[in-house]
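Structural overview
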Amino acid sequence: MIVLDGKKTSNDLKLEIAQEVDRMKVAGSKVPHLAAILVGEDGASLTYVGSKVRSCEQVGFESTLLKFPDTISEEELLDQVHALNTNDSIDGYIVQLPLPKHIDENKILMAIDPEKDVDGFHPYNFGKMALEMDTFIPATPFGIMEILERYQVKTKGKHVVVVGRSHIVGRPMSILLSRKGNPGNATVTLAHSHTANLAELTQQADIVIMALGIPHFLKADMVKAGAVIIDVGITRVPNADSPKGYQIVGDVDFNEVAPKSSYITPVPGGVGPMTIAMLLKNTLLACKRRQN
Ligand code: NDP
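All of the points below concern the structure found in this document. Everything numeric in this text was worked out from a predicted model, so none of it was measured.

As for the overall build of the protein chain
Within the protein chain one finds ten helices and eleven strands. For the protein chain, the spread of C-alpha atoms along the three principal axes comes to 55 × 40 × 35 Å. Long-range pairs, those at least 24 residues apart, make up 70% of the contacts in the protein chain between residues at least 6 apart in sequence. As presented, the protein chain carries roughly 13,700 Å² of accessible surface, and 53% of it is formed by carbon and sulfur atoms. Between the centroid of the 30 positive side chains of the protein chain and the centroid of its 34 negative side chains there is a distance of 6 Å.

Concerning the environment of His192
Topologically, His192 is positioned in the loop between strand S6 (187–191) and helix H8 (198–204). A C-alpha to C-alpha distance of 31 Å links His192 and Asp113, two positions 79 residues apart in sequence.

Describing the side chain of Thr140
Residue placement: Thr140 occurs in helix H6 (residues 139–150). Residue Thr140 is classed as buried on the basis of its relative accessible area of 15%. Sequence-distant contacts of Thr140, defined by excluding residues within four places in its chain, comprise Val169, Val232, Val271 and Thr275.

Looking at the site of the ligand
As a structural note, the neighbourhood of the ligand is formed by 21 residues, with Arg165, Ser166, Ser193, Ile234 and Thr275 the closest of them. Side-chain polar atom of Ser166 to an oxygen atom of the ligand: 2.5 Å apart, as the coordinates give it. Interatomic distance of 2.6 Å between a side-chain N/O atom of Ser193 and an oxygen atom of the ligand. Across the complex, the protein chains shield 69% of the 930 Å² of accessible surface that the ligand would expose by itself. Top element by residues in the shell around the ligand is helix H10 (residues 271–291). It accounts for three residues.

Thoughts on the nonpolar core
Ranked by internal contacts, the top residues of the largest apolar core, which has 52 residues, are Ile17, Phe61, Ile144, Leu177, Ile209, Ile230 and Val232. Apart from the residues within four sequence positions on either side, Phe61 is in contact with Ile17, Val21, Pro32, Cys56, Leu280, Thr283 and Leu284.

Some remarks on the sheet that holds strand S11 (residues 263–264)
Strands sit in the order S1-S11-S8-S7-S5-S6 across an open sheet of six strands; the sheet is parallel. Each edge of the open sheet carries a strand with a single partner, namely strand S1 (2–3) and S6. Sheet topology places strand S7 (residues 207–210) next to strand S8 (residues 228–231); four bridges connect them, and they run parallel. For Val208, the partnering residue across the bridge sits in S8 and is Ile229.

So, the sheet that holds strand S4 (residues 92–95)
On the basis of which strands lie adjacent, the open sheet formed by three strands has the order S3-S2-S4 and parallel pairing. The sheet is open, and its two borders are formed by strand S3 (62–68) and S4, each paired with just one other strand. Going across the sheet, the axis of each strand differs from the next one's by a mean of 15°, ignoring polarity. Bridge analysis of strand S2 (residues 33–39) against S4 gives four bridges, and the strand direction is parallel. If you follow Ile37 over to S4, its bridge partner there is Val95.

Focus: the environment of Gly50
On the secondary structure map, Gly50 appears in helix H2 (residues 43–59). With relative accessibility at 22%, the residue Gly50 sits in the partly exposed group. Residues Gly50 and Leu65, spaced 15 residues apart in sequence, show a C-alpha to C-alpha distance of 8.9 Å.

About the criteria used
- Residues numbered from 1 in each chain as written.
- Predicted model: local features only at pLDDT ≥ 70, side-chain atom pairs only at ≥ 80, totals over all residues.
- Heavy atoms only, no water.
- Helix = DSSP H or I, 4+ residues; strand = E, 2+ residues; numbered from the N terminus.
- Contact = heavy atoms within 4.5 Å.
- Areas by Shrake-Rupley, 256 points an atom, 1.4 Å probe, with all protein chains shown as cover.
- Lys, Arg positive; Asp, Glu negative; His and termini not counted.
- Charge placed at Lys NZ, Arg CZ, Asp CG, Glu CD.
- Buried < 20%, exposed > 50% of the residue type's maximum accessible area, 1.4 Å probe, protein only.
- Near = heavy atom within 4 Å.
- Polar contact = N/O pair within 3.5 Å; in protein donor to acceptor, adjacent residues only side chain to side chain.
- Core = buried A, V, L, I, M, F, W, Y, C linked by side-chain atoms within 4.5 Å.
- Pairing = 2+ DSSP bridges.
- Axes fitted to C-alpha atoms, helices over the stretch in contact; angles between N-to-C directions.

This is the structure:
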């Protein structure tokens, strides 16, 4: 069994990006600039945005964090989005989700300039992804593709079961692995809460990708020997022994499943760190595109 080390892989990737930024600086080019909009005080969102900003600094990007109270109106937020669209120094930006209930997330996502949509959530970019055209790919599935490629995990002709069909993880993942190319060329089953006999499907899978958000859902008796296991799940579970008062738990019962698998991502240290690295990769791409 091989542990797919997302921490190491993302550090390798960040180093490669930092080297590229150094070359851009030497050439006198503009360095990539990522902005993030954060609304409210949600603990997890604060943590995610904080680490995105820190990662920008690590690789030599510029970063801007725009923080607003959760009382901001939809119109005011749309004004901020339009301002980022027309701000020439910003190459790409993200709007950290979830947004407060009184704001229509789709309206905000639709207002983002697709050329700056480094999360790849805009329908224009999502459509291009489905049509196998060059675009921004949502960072989490993009990170999974990157780790599969770097560890040379074979996907061609394999049966992949993706559990979870969200617009940011499961569904794009299912599209990417069914596309032509490498990684890709897989036969994909996309499962969700209405799927009948889920265990029968996961037992047949060569690759199982868990993205549902239920701690330790996938057990050893649900997978076949030698399967590749990708765990996207991140759930904060209270733990009085941890300094933070909680621990991060994945959707896979790692201790049970790992001995049966050929490759497996741990939680933490698997898919999570890859997500941030791929956001940086998309921002670098956005910056280069805008200069050409
Ligand atoms: P969502 O809550 O948007 O989607 C969950 C999906 O799981 C839905 O499609 C739902 O089905 C499905 N589901 C729920 N229960 C079951 C069940 N019993 N059997 C089968 N399918 C089920 O979650 P996200 O995609 O946003 O996130 C999934 C997990 O990944 C979360 O833990 C999240 O924190 C984590 N995450 C991790 C990231 C990372 O960087 N590592 C990035 C993003 C998310 P239905 O559609 O029918 O409701």
